[in-house]
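Chain by chain, the residues run as shown.
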Amino acid sequence: MKSRAAVAFAAGQPLQVVEIDVAPPKQGEVLVKITHTGVCHTDAFTLSGDDPEGLFPVVLGHEGAGIVVEVGEGVTSVKPGDHVIPLYTAECGQCLFCKSGKTNLCVAVRATQGKGVMPDGTSRFSYEGKPLYHYMGCSTFSEYTVVAEVSLAKINRDANPEQVCLLGCGVTTGLGAVKNTAKVQEGDSVAVFGLGGIGLAVVHGAAMAKAGRIIAVDTNPAKFELAKTFGATDCVNPKDHDKPIQQVIVEMTGWGVDHSFECIGNVNVMRAALECAHRGWGQSVIIGVAGSGQEISTRPFQLVTGRKWMGTAFGGVKGRSQLPGMVEDAMAGRIRLAPFVTHTMPLAGINEAFDLMHEGKSIRSVVHF
Ligand SMILES: NC(=O)C1=CN([C@@H]2O[C@H](COP(=O)(O)OP(=O)(O)OC[C@H]3O[C@@H](n4cnc5c(N)ncnc54)[C@H](O)[C@@H]3O)[C@@H](O)[C@H]2O)C=CC1
Ligand SMILES: N[C@@H](CCC(=O)N[C@@H](CSC=O)C(=O)NCC(=O)O)C(=O)O
Ligand SMILES: [Zn+2]
Ligand SMILES: [Zn+2]
């Protein structure tokens with residue numbers, strides 16, 4: 001079938017909205033009509049050429065909501081008409097990782113996903129007869145996409161797709177990092193570095209966990225107002241200080257914070273986030289994705305003296321079993337999604353979403369198909 005899609009033909013080039021061909025779903029696969037998609041910094045990261053797994057030409061996008069159109073052989077858990085959120089972290093329930101009870105990092109389709117193809121090693125997308133790569137198992141920048149059954153969460157059909165698409169990545173990642181990875185407790189102190197969609201969701205999650213002090217850090221002060229509405233108690237711009245930001249935060253708190261979160265993808269800030277964690281027990285969670293070849297460093301003494309360095313993917317959330325409940329939480333107002341949607345546009349305007357992100361003007365742009 002034909003589908004409108006925003007295709008990344010080459011790294012560093014704007015997306016081109018063209019009509020592509022989408023082949024029917026094969027065994028264990030599902031054809032989904034995407035109605036809305038958010039644009040996450042990770043899409044921009046891969047488009048930039050910095051992603052070691054980046055492949056071109058590709059249909060990017062991984063923060064979508066849609067409706068099942070057709071199912072392939074053997075698919076039992078969804079049917080045409082079901083409302084779904086595609087998952088870049090699948091949940092098969094059968095693999096070593098799913099069964100471990102220790103992680104959400106299912107490996108059922110991860111290897112082929114990283115190669116930009118479906119589990120059988122081929123693509124369902126083509127343009128002018130040549131294959132296009134899939135992205136993160138989702139490719140939500142196409143009106144019609146094909147995903148593995150294990151990569152779909154079935155959700156309440158009454159949910160607002162313009163908002164709940166953000167549970168496909170950004171908001172879930174931030175909330176989950178607080179709840180599942182750091183396990184923030186009432187009264188704990190928190191520092192959040194980077195106040196985009198991910199960092200604001202961390203602030204939101206920290207407030208939901210009844211954290212005591214929530215220190216929001218960004219070099220763009222335009223982000224502070226929204227951070228305060230989500231529960232930030234202090235806003236700090238590193239540019240306002242002539243000493244390292246970790247020193248500023250340690251001085252603000254006495255010994256540092258119980259939990260810090262890096263939501264930027266900057267290895268220098270990752271170090272600062274670790275080093276502003278409390279001596280003896282502070283922990284720092286890396287959420288940001290750093291470019292090819294980048295490495296983190298600190299003095300081992302920082303760990304010897306009790307700090308823990310951690311990371312999280314999709315906030316540790318198991319998508320098929322936990323995302324439907326998060327959608328219900330959003331519908332009930334327990335998760336606030338509306339403030340994240342700062343801009344909307346049709347597919348033809350998708351490059352503006354990237355511009356707004358790079359200019360620091362948006363939190364999330366949501367594309368309407
Ligand atoms: N681990 C995971 O599962 C996920 C990771 N990510 C990653 O999280 C990161 C954040 O994503 P978004 O919120 O979408 O990005 P964004 O671009 O919307 O937000 C980043 C924020 O960081 C701020 N910032 C940049 N440099 C800074 C500095 N030196 N100090 C303080 N603030 C600074 C910017 O002003 C901006 O407000 C990206 O690296 C993305 O790839 C995103 C989703 C899931
Ligand atoms: N492909 C990159 C790493 C990209 C990455 O870390 N992705 C995050 C999700 S970011 C979402 O917006 C993630 O969950 N990673 C775990 C995974 O299994 O992909 C590289 O090769 O460095
Ligand atoms: Zn994302
Ligand atoms: Zn699995």
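Everything discussed here concerns the structure shown above.
Procedures and definitions
- All residue numbers refer to positions counted from 1 along the written sequence of the respective chain.
- Throughout, the order in which chains and ligands are written sets their labels, letters from A for the former and numbers from 1 for the latter.
- This being a predicted model, a pLDDT of at least 70 is required before a residue's local features are given, and a value of 80 or more before pairs of side-chain atoms are given or counted; all residues contribute to the totals for chains, interfaces and linings.
- Think of the side-chain values as coming from all heavy atoms in the structure, minus any hydrogens and water.
- Think of it this way: any DSSP run of H or I at least four residues long counts as a helix, any run of E at least two long counts as a strand, and we number them from the N terminus.
- Each radius of gyration is computed over the set of C-alpha atoms, and the globule rule expresses the reference value as 2.2 Å times the number of residues to the power 0.38.
- The buried label goes to any residue with under 20% of its type's maximum accessible area, the exposed label to any with over 50%, and the partly exposed label to all in between, with areas taken from a 1.4 Å probe on protein chains only.
- Any pair of residues with heavy atoms lying within 4.5 Å of one another is described as a contacting pair.
- His residues and chain termini do not enter the charge count, which takes Lys and Arg as positive and Asp and Glu as negative.
- Where a charge sits is defined by one atom per residue type, namely NZ (Lys), CZ (Arg), CG (Asp) or CD (Glu).
- For the purposes of this section, nonpolar cores are sets of buried Ala, Val, Leu, Ile, Met, Phe, Trp, Tyr and Cys residues that join through side-chain atoms within 4.5 Å.
- If a single non-hydrogen atom of a residue is within 4 Å of a molecule or strand, that residue counts as near it.
- What qualifies as a polar contact is a pair of N or O atoms within 3.5 Å, subject to a donor-acceptor requirement within protein and to the restriction that residues adjacent in sequence count only when both atoms come from side chains.
- Per-residue and other accessible areas follow the Shrake-Rupley method at a 1.4 Å probe size, with only the shown protein chains counted as cover for residues.
- Note on residue categories: nonpolar means Ala, Val, Leu, Ile, Met, Phe, Trp, Tyr, Cys or Pro, charged means Asp, Glu, Lys or Arg, and polar means any other residue, Gly included.
- Only nitrogen, oxygen and sulfur atoms count as donors, using a 2.8 Å cut-off from the metal that widens to 3.2 Å for Na, K and Ca. Water is left out, so coordination shells may look unfilled.
- Angle rules define the geometry names used: all angles between 85 and 135 degrees makes four donors tetrahedral, while opposite donors over 155 degrees apart and all other angles between 65 and 115 make four donors square planar and six octahedral, leaving every other case irregular.

Asker: What exactly am I supposed to notice about the overall build of the protein here?
Answerer: Each helix and strand counted, the protein has twelve helices and 17 strands in total. What you see for the protein is a C-alpha radius of gyration of 20 Å, in line with the 21 Å of a compact globule of 369 residues. Principal-axis analysis of the C-alpha atoms gives the protein an extent of 60 × 40 × 40 Å. By the burial criterion, 55% of the 369 residues in the protein qualify as buried. By sequence separation, contacts in the protein at least 24 residues apart represent 71% of the contacts at least 6 residues apart. Put simply, the protein has 32 plus and 35 minus side-chain charges, and the middle of one group is 6 Å from the middle of the other.

Asker: What is the right way to read the nonpolar core from this model?
Answerer: Note that soluble globular proteins tend to have their nonpolar side chains buried in a common cluster. Grouped together as the largest cluster of nonpolar side chains are 83 residues, with contacts concentrated most on Leu15, Ile20, Phe141, Leu167, Val171, Phe261 and Ile350. Take this core: its biggest share by element is six residues, from helix α6 (residues 197-208). Formed by 13 residues, the second largest nonpolar core is a distinct cluster that contains Phe193, Ile215, Ile245 and Val248.

Asker: Would you take a moment to explain the site of ligand 1 for this structure?
Answerer: As a structural note, the neighbourhood of ligand 1 is formed by 26 residues, with His41, Thr42, Asp218, Phe314 and Arg364 the closest of them. The contact in question runs from an oxygen atom of ligand 1 to an N or O atom on the side chain of Lys223, over 3.0 Å. Between ligand 1 and the protein, one listed contact pairs an oxygen atom with a side-chain N or O atom of Arg364 at 2.9 Å. Surface burial for ligand 1 is 87%, taken as the share of its 870 Å² of free accessible area covered by protein chains. Of all the secondary structure elements, the ones that give two or more residues to the shell around ligand 1 are α1 (41-48) and α6. A class-by-class count of the residues in the shell around ligand 1 yields twelve nonpolar, eleven polar and three charged.

Asker: Looking at this structure, how should I read the coordination of the zinc ion (ligand 3)?
Answerer: For a metal with four tetrahedral donors the ideal donor-metal-donor angle is 109.5 degrees, while six octahedral donors give ideal angles of 90 or 180 degrees. On the protein side, the zinc ion (ligand 3) has Cys40 (SG), His62 (NE2) and Cys169 (SG) as donor atoms, found 2.0 to 2.3 Å from it. Bound by four donor atoms, the zinc ion (ligand 3) shows angles of 94 to 127° at the metal and therefore tetrahedral coordination geometry. Mapped onto the sequence, the donors of the zinc ion (ligand 3) take the spacing C-x21-H-x106-C. Of the two residues, His62 is situated in the loop between α1 and β4 (63-71) and Cys169 in the loop between α4 (161-164) and α5 (170-182); the sequence distance between them amounts to 107 residues.

Asker: Would you explain the site of ligand 2 in this entry?
Answerer: As a structural note, the neighbourhood of ligand 2 is formed by Cys40, Thr42, Asp51, Pro52, Glu53, His62, Tyr88, Arg110, Met136, Cys169, Val289 and Ala313. Residue His62 places a side-chain N or O atom 3.1 Å away from an oxygen atom belonging to ligand 2. Within the contact set of ligand 2, an oxygen atom lies 2.7 Å away from a side-chain nitrogen or oxygen of Arg110. Against a free-state accessible area of 530 Å², the protein chains account for coverage of 73% of ligand 2.

Asker: Is there a simple way to think about the coordination of the zinc ion (ligand 4) in this case?
Answerer: Here the zinc ion (ligand 4) is held by the protein donor atoms Cys92 (SG), Cys95 (SG), Cys98 (SG) and Cys106 (SG), which lie 2.3 to 2.4 Å from it. Coordination at the zinc ion (ligand 4) is tetrahedral: its four donor atoms span angles of 104 to 116° at the metal. The sequence pattern describing where the donors of the zinc ion (ligand 4) fall on their chain is C-x2-C-x2-C-x7-C.

Bear in mind that shape data such as this cannot, by itself, settle questions of function.
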